[in-house]
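Residue-level structure breakdown
Residues per chain are reported as follows:
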Amino acid sequence: MEGREKKKLNAEPGNEDLINTPASVEKKEKILAAAERLFGDLGFEAVSTRLLAKEAGVNMAMLAYYFGSKEKLFRSMIQRRTEDGRTKLQELLSTGHTPSEKIDLVIDMYVNKLFDSGRMHALFQREISLLQRTTISELICQSLTDAFKSIIKIIKEGQVQGVFRKVDMEFTVISMISTISYVVNSPAMTRLVFNLGEDEVSTKNDVFRKRIKKHLKDMIHKHLEFGMVVPLKESI
C-alpha cells in the first residue's frame, strides 16, 4: 500500500489537493511531531533524514515530497511553533479581561508552554545563540520580539487605565520569561537551589508548576500595581 502511495506521490509532485487530503495532513503532522522530538533532543546537525523518516514511520521519498529537505522541514517545524504561540497570544489580547487578568493568563500560558515543550524552548535558544542558520534565527527572534511587544501592550493598557504604575516594561517582561526559562532549562541547578528531588522539580510535577505560577503572579502584581491585589486562580 505504501509503495503504491509512494509511486503516486512521485508521479504527481506539487499536487496541492493530494498534499491536503486528511491522510496526507496526518502524515505531515507525524513528521513534524517526530522532527520536534529529534531536533529538540539532538539538535539540527545530529539528526539525519533517515532518522527522521524512521521516527515518523514514513519512507524517505515521502519525507522529501512533503518537505523537500531537512532544512525545509526544520523551518516548517519552527514556523508551526511560532505561529501557534502568536495565535494564542493574540486571542488572549482580544479578550474582554482586565489588564491584571491578562497578565495572569499570560503567566499561565507561558509556564504551561515552556513546561510542556521545554525541548523546543531549548532548541530556540540554541539557534539564537549559534547563529548558524540566519533565516531560522531571524524567524525565532521575530516571534519572541512580537511576544514581548504583546505583553508590553498589556502593561501599557493597564497604565492608561490607571491600574499599573510606571515601570521598566522591558525588564519586567524579561524577569517573568527568564524565571520560567531558568527553571525549565537548568533542572540540575533548580534542584540545588530549591533543595528538592528530581521528581519534585520536574516539568511534569503539577505542584511545582503551580508554585512558579503563584510566585510570578505575586511578584508581577506587586511590581506593577499601586496596591496589593490577589492574583487570579490558575485558569488553565
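See the structure above.
These notes cover the structure that comes with them. (Residues numbered from 1 in each chain as written. Predicted model: local features only at pLDDT ≥ 70, side-chain atom pairs only at ≥ 80, totals over all residues. Heavy atoms only, no water.)

What follows concerns the side chain of His-221. With respect to the helices, strands and loops of the structure, His-221 is situated in helix α12 (residues 206-224). Of the polar contacts made by the side chain of His-221, one reaches the side chain of Glu-225; its length is 2.8 Å. (Helix = DSSP H or I, 4+ residues; strand = E, 2+ residues; numbered from the N terminus. Polar contact = N/O pair within 3.5 Å; in protein donor to acceptor, adjacent residues only side chain to side chain.)

Below, the discussion takes up the packing of helix α7 (residues 99-116) against helix α10 (residues 169-185). Packing of α7 against α10 brings their axes to within 10 Å, and their N-to-C directions diverge by 25 degrees. As judged from the angle between their axes, α7 and α10 are roughly parallel. Between α7 and α10 lies a crossing whose hand is right-handed. When α7 is examined against α10, the residues Val-106, Ile-107, Tyr-110, Val-111, Leu-114 and Phe-115 are found in contact with a partner set consisting of Met-176, Ile-177, Ile-180, Ser-181, Val-183 and Val-184. Looking at side-chain class alone, the contact of α7 with α10 contains 11 nonpolar, one polar and no charged residues. (Axes fitted to C-alpha atoms, helices over the stretch in contact; angles between N-to-C directions. Parallel < 35°, antiparallel > 145°, perpendicular 65-115°, else oblique. Left-handed = near helix turned anticlockwise from the far one by under 90°. Contact = heavy atoms within 4.5 Å. Nonpolar A, V, L, I, M, F, W, Y, C, P; charged D, E, K, R; others polar.)

On to the packing of aromatic side chains. Aromatic ring pairs are reported here in terms of the distance separating the ring centres and the angle at which the planes meet. Counting across every chain of the model gives five aromatic pairs. An angle of 15 degrees between the planes, with centres 5.7 Å apart, marks the rings of Phe-39 and Phe-44 as stacked. Look at Phe-39 and you get buried, because its relative accessible area is 0%. The aromatic ring of Phe-44 is capped on one face by Lys-70, whose charged end is 4.2 Å from the ring centroid. (Phe/Tyr/Trp six-rings, centres within 6.5 Å; stacked < 30°, edge-to-face > 60°. Buried < 20%, exposed > 50% of the residue type's maximum accessible area, 1.4 Å probe, protein only. Lys NZ or Arg CZ within 6 Å of the ring centre and 35° of its normal.)

Let us look at the environment of Ala-147. Its location among the elements puts Ala-147 in helix α9 (residues 134-161). By relative accessible area, Ala-147 is classed as buried at 11%. Distance from Ala-147 to Val-173, taken between C-alpha atoms, is 9.8 Å for residues 26 residues apart in sequence.

Applying the stated criterion to the full structure yields 11 salt bridges. Across the pair Lys-88 and Asp-84 runs a salt bridge, and its minimum N-O distance is 3.4 Å. Residue Lys-88 and its partner Asp-84 are both found in helix α6 (residues 70-93); the two are separated by four residues, about one turn of the helix. Residue Lys-88 is classed as partly exposed on the basis of its relative accessible area of 42%. Of the residues examined, Asp-84 reaches a relative accessible area of 35% and is grouped as partly exposed. When the shortest N-O distance is used, the salt bridge between Arg-86 and Asp-146 registers 3.6 Å. With Arg-86 in helix α6 and Asp-146 in helix α9, this pair connects stretches of sequence that are 60 residues apart. On the accessibility criterion, Arg-86 (31% relative accessible area) is partly exposed. One network of salt bridges, with partners in common, ties together Glu-29, Glu-36, Arg-80 and Arg-81. (Salt bridge = Lys/Arg side-chain N within 4 Å of Asp/Glu carboxyl O.)

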